[in-house]
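Below, each chain spelled out in residue letters.
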Amino acid sequence: MSSDHVAIESSLQENRLFPPSAQFSAQSHIKSRQQYEQMYRQSIDDPDTFWGNVAKELSWSRPWDKVLDWKSPYAKWFVGGQTNMAVNCLDRNIERGLGDKVAILWEGEPLAQGKSPEIRRITYRQLHQMTNRFANGLRKLGVKKGDRVTIYMPMVPEAAVAMLACARIGAPHSVIFGGFSSQAISDRVIDAQSQYLITSDGGWRRGSVVELKKNVDEALTKTDLIKKVIVLKHTGQQIPWIEGRDVDWKDVIDGASDQCAAEPMDSEDLLYVLYTSGSTGKPKGIIHTTGGYMVGCYLTTKYTFDLHDNDVYWCTADIGWVTGHSYVVYGPLCNGATTFMYEGAPNFPDFSRFWDIIERHKITIFYTAPTAIRAFMKAGRELVDKHDLSSLRVLGSVGEPINPEAWIWYQQVIGHGKCPIVDTWWQTETGCIMITPLPGVTATKPGTATLPFFGIDAAVVDRTGKELPPNQGGLLVMRKPWPSMLRGIFNDPDRYVRQYWSDVPGCYFSGDGARRDSDGYFWIMGRVDDVLNVSGHRLGTAEIESALVSHEAVAEAAVVGVPHEMKGQGVAAFVTLKAGYHASDDLKKQLLNTVVKAIGAIARPDQIRFSEALPKTRSGKIMRRLLKELAGTGDVKGDVTTLEDFSVIARLKESDEG
Ligand code: WT7
């Protein structure tokens, strides 16, 4: 990269503003900064009126008595109201005359000889029927309101059908990312005490089949909680079958009626549990409930992406992440949008696949992650330039801070300078987008998520909760409850209070550091604890460490994040061996496999270093800060005064990098 380039980058970061064009603003839902300010003020000063009005646009079988009941840190939204997410995603849209509109537009990964992929267009009416049949089938298998249903599926329309069917009958789902290993499945099944699991024989990924059913079978050797495994036959390979436990998806829907009375759900009834990594120990089951989450998904999707009736909207996230829940399935569908789903990898058969898709389906709104953008940059703009991307009008980013260079590339090469970029900050816990530009309103700057969404009282504070002056880094908190906020951690109510409501008095602490600039824009500085952000996904260092230590040769392991060109953060592992074991390439391979097997390929360490000892404080705490510095820069210059044994650093420096 030329030095010229870097100079441009920093000057852009400092000075350049990208306001939306007048033409764009004129056609958007929210047209001016003034309108935003006015709505924002109302949402903060009078949340009851603001959110009450939004919720009234959706359908409720019983109206709420009270918009918000707040006894910090416990919020109840739309108290006494009853509704159903699937009804709002399906029935309501059909009633509005959208029955023949495409709800899910899907493309499979494999390309036939003629290079044409399989495409499915499922209208709202068809999705309604598919959901109802499957929901009736689930009921027949014994699934009742409140039962947790585990979903471990590829990116196929049936994954959305499974989620919607669960929502329809009031059975909270727990979706597990299809890239996770069998260990992750059994842990989550056990924590959620789930008795039903929905999977498929396999899914396509980069030209080969990921054997999902096989992973499920392996996971279920560790627990006998699961009574029924429903299997969608998708990839078609031979799979083992356990009579009495395994049920073919076809048989579940066979003969089932396409009408299904929806369970009236209390606004605060559980909609789903979704597991995410924390800094200590096992993943947390984040709880989201029905009414507030629905209202949040509805409004954020509409305004953040300036969604209109004729948009073809594509969020590239997998349904296994919260982004897939809120912005592939629930947000777009409860707005009556056409949501596009792609089954496979961005680089199959090469890195032009996404641009192919955008051209083929005339995608208008495209929402992806910085890690993907960096991969596309690396693959080269030639692959992009061969395609007609003129249908695009809004571009989104989520998952980690987007570096200004990637932002500019996204803006120029993908958006041809005409698409507003919405860099959206939020979390599994927040349920919905929290800090984001609005495409018709906000003058963006590369690298900042800009301003809070309606109802979000975000601030940068110190440990006492005092707001910090512009450009001073501090803790990113929310000072008021919002409709889609998590309601707790499954099975661990104390951890909810400890983790989110104890660091800063009276505030929700996000775990992120941030600063606000003199325009009030939020610049996210990353997580302040030991959680890594690899390719936009949170991974707990503790989980990776415990996977490493499960190998017989390993005495102790410490995992830290290192800057990584593509992934944002990479994983560096420092490992000490038990007596009698010796460092070798073969052992390194075994350790990599151990991590992949325990967690999944996403956690595979980029570096493994064997070392005789780890740097510790006198109280025995591993000094990750030093390891981080060493892994990232090859040297340790920081403060080492609390180090117990100084020679450790010298010995670590000699350890080889892998
Ligand atoms: C963490 C949440 C939100 C769905 C995807 C990840 C980081 C997310 C941004 C952004 C800077 C971001 C934060 C956050 N993050 N979006 N636009 N700019 N950082 O969900 O796994 O719950 O991770 O991702 O560190 O706390 P998640």
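Attention now moves to the overall build of the protein chain. When helices and strands are tallied, the protein chain shows 21 helices and 31 strands. Expressed along its principal axes, the backbone C-alpha trace of the protein chain runs to roughly 70 × 65 × 60 Å. Here the protein chain, with 658 residues, has 61% of them falling under the buried criterion. Relative to all contacts within the protein chain whose residues are 6 or more apart in sequence, the contacts with residues 24 or more apart total 71%. Between the mean site of the 74 positive side-chain charges and the mean site of the 78 negative ones, the protein chain shows a separation of 2 Å.

What follows deals with helix α9 (residues 212-219). Burial analysis of α9 places six of its eight residues in the buried class, which makes it a mostly covered element. Within the span of α9, buried status applies to Leu-212, Lys-213, Asn-215, Val-216, Asp-217 and Ala-219.

Moving on, we come to the pattern of salt bridges. This model, assessed by the stated rule, comprises 38 salt bridges. Notably, a salt bridge pairs Asp-69 with Lys-71, separated by 3.2 Å at the nearest N-O pair. The class for Asp-69 is buried, based on a relative accessible area of 17%. Looking at Lys-71, the relative accessible area reads 56%, which means it is exposed. Residue Arg-374 pairs with Glu-400 through a salt bridge whose shortest N-O separation is 3.1 Å. Taken as a pair, Arg-374 in helix α14 (residues 370-379) and Glu-400 in the loop between β20 (394-398) and α16 (404-414) lie far apart in primary sequence, 26 residues in all. Classification of Arg-374 by relative accessible area gives buried; the value is 9%. Residue Glu-400 is classed as buried on the basis of its relative accessible area of 11%. Overlapping salt bridges bring together Lys-213, Asp-217, Arg-245 and Asp-246 as one network.

This part is about the nonpolar core. Of all hydrophobic cores here, the largest spans 120 residues; its most connected members are Phe-134, Ile-198, Tyr-330 and Phe-454. Inspection of this core shows a minimum of three residues originating in each of domain 1 (18-85 + 288-458 + 482-504) and domain 2 (122-272). When sequence neighbours within four positions are dropped, the list of residues in contact with Ile-198 reads Phe-134, Leu-138, Val-149, Thr-150, Ile-151, Tyr-152, Met-153, Ala-162, Ile-230 and Trp-249. Residues Ile-176, Val-231, Leu-539 and Ile-544 belong to the second largest nonpolar core, which totals 39 residues.

As a further point, take the domain arrangement of the protein chain. If you check the domain split of the protein chain, you get domain 1 (18-85 + 288-458 + 482-504), domain 2 (122-272) and domain 3 (531-653). With centres defined by C-alpha atoms, the gap from domain 1 to domain 2 works out at 26 Å. Domain 1 puts 42 residues into the contact, and the matching count from domain 2 is 38 residues. Both sides together, the interface formed by domain 1 and domain 2 hides about 3400 Å², and carbon and sulfur atoms give 59% of it. With a closest N to O distance of 2.9 Å, Glu-268 and Arg-487 form a salt bridge. There are 22 residue pairs in polar contact (both at pLDDT 80 or more) connecting domain 1 and domain 2.

This paragraph deals with the site of the ligand. Near the ligand there are 18 residues, and of these Asp-423, Thr-424, Thr-428, Asp-512 and Arg-538 occur at the shortest range. Here Gly-399 contributes a backbone N or O atom positioned 3.1 Å from a nitrogen atom of the ligand. Interatomic distance of 2.7 Å between a backbone N/O atom of Thr-424 and a nitrogen atom of the ligand. Burial of the ligand by the surrounding chains reaches 96%, relative to a free accessible area of 550 Å². Mapped onto the shell around the ligand, the elements with two or more residues apiece are α12 (322-334), β21 (421-424) and β26 (522-527). Looking at the shell around the ligand residue by residue, the classes come out as six nonpolar, seven polar and five charged. Here the shell around the ligand spans two domains, since at least three of its residues come from each of domain 1 (18-85 + 288-458 + 482-504) and domain 3 (531-653).

This part covers the sheet that holds strand β14 (residues 265-266). Spatially, β1-β4-β14 is the arrangement adopted by the three strands of the open sheet, whose pairing is antiparallel. The open sheet has two edge strands with one neighbour each: β1 (60-62) and β14. In the sheet, strand β4 (residues 82-83) pairs with β14 via two bridges, with the strands oriented antiparallel. From the neighbouring strand, Thr-83 faces β14, where its bridge partner is Met-265.

Quick look at the environment of Ala-459 now. With respect to the helices and strands, the residue Ala-459 is situated in strand β22 (residues 458-461). For Ala-459, a relative accessible area of 0% translates into the label buried. Apart from residues lying up to four places away in sequence, Ala-459 is in contact with Glu-467, Leu-475, Leu-476, Val-477, Arg-479 and Phe-522.

In this section: the packing of helix α5 (residues 85-98) against α12. The contact between α5 and α12 brings their axes to 8 Å, and the two run at 50°. Judged by the inter-axis angle, α5 sits oblique to α12. Every pair of crossing elements has a handedness; the one defined by α5 and α12 is left-handed. Mapping the contact onto sequence places Met-85, Asn-88, Cys-89, Arg-92 and Asn-93 in α5 and Tyr-330, Leu-333 and Cys-334 in α12. Residues of the contact of α5 with α12, tallied by class, amount to five nonpolar, two polar and one charged.

Moving on to the sheet that holds strand β25 (residues 508-516). Reading across the sheet, the four strands line up as β22-β23-β25-β26 and stay open at both edges, with antiparallel pairing between neighbours. With one partner strand each, in any of the chains shown, β22 and β26 form the two edges of the open sheet. Neighbour-to-neighbour, the strand axes of the sheet open up by a mean angle of 45°, direction not taken into account. Relative to β25, strand β23 (residues 474-478) runs antiparallel, the two sharing four bridges. Of the residues in β25, the one forming a bridge with Met-478 is Tyr-508.

Reading the values: the criteria
- Residues numbered from 1 in each chain as written.
- Predicted model: local features only at pLDDT ≥ 70, side-chain atom pairs only at ≥ 80, totals over all residues.
- Heavy atoms only, no water.
- Helix = DSSP H or I, 4+ residues; strand = E, 2+ residues; numbered from the N terminus.
- Buried < 20%, exposed > 50% of the residue type's maximum accessible area, 1.4 Å probe, protein only.
- Contact = heavy atoms within 4.5 Å.
- Lys, Arg positive; Asp, Glu negative; His and termini not counted.
- Charge placed at Lys NZ, Arg CZ, Asp CG, Glu CD.
- Salt bridge = Lys/Arg side-chain N within 4 Å of Asp/Glu carboxyl O.
- Core = buried A, V, L, I, M, F, W, Y, C linked by side-chain atoms within 4.5 Å.
- Domains from an automatic or database assignment.
- Buried area = accessible area lost by both parts, 1.4 Å probe.
- Polar contact = N/O pair within 3.5 Å; in protein donor to acceptor, adjacent residues only side chain to side chain.
- Near = heavy atom within 4 Å.
- Areas by Shrake-Rupley, 256 points an atom, 1.4 Å probe, with all protein chains shown as cover.
- Nonpolar A, V, L, I, M, F, W, Y, C, P; charged D, E, K, R; others polar.
- Pairing = 2+ DSSP bridges.
- Axes fitted to C-alpha atoms, helices over the stretch in contact; angles between N-to-C directions.
- Parallel < 35°, antiparallel > 145°, perpendicular 65-115°, else oblique.
- Left-handed = near helix turned anticlockwise from the far one by under 90°.

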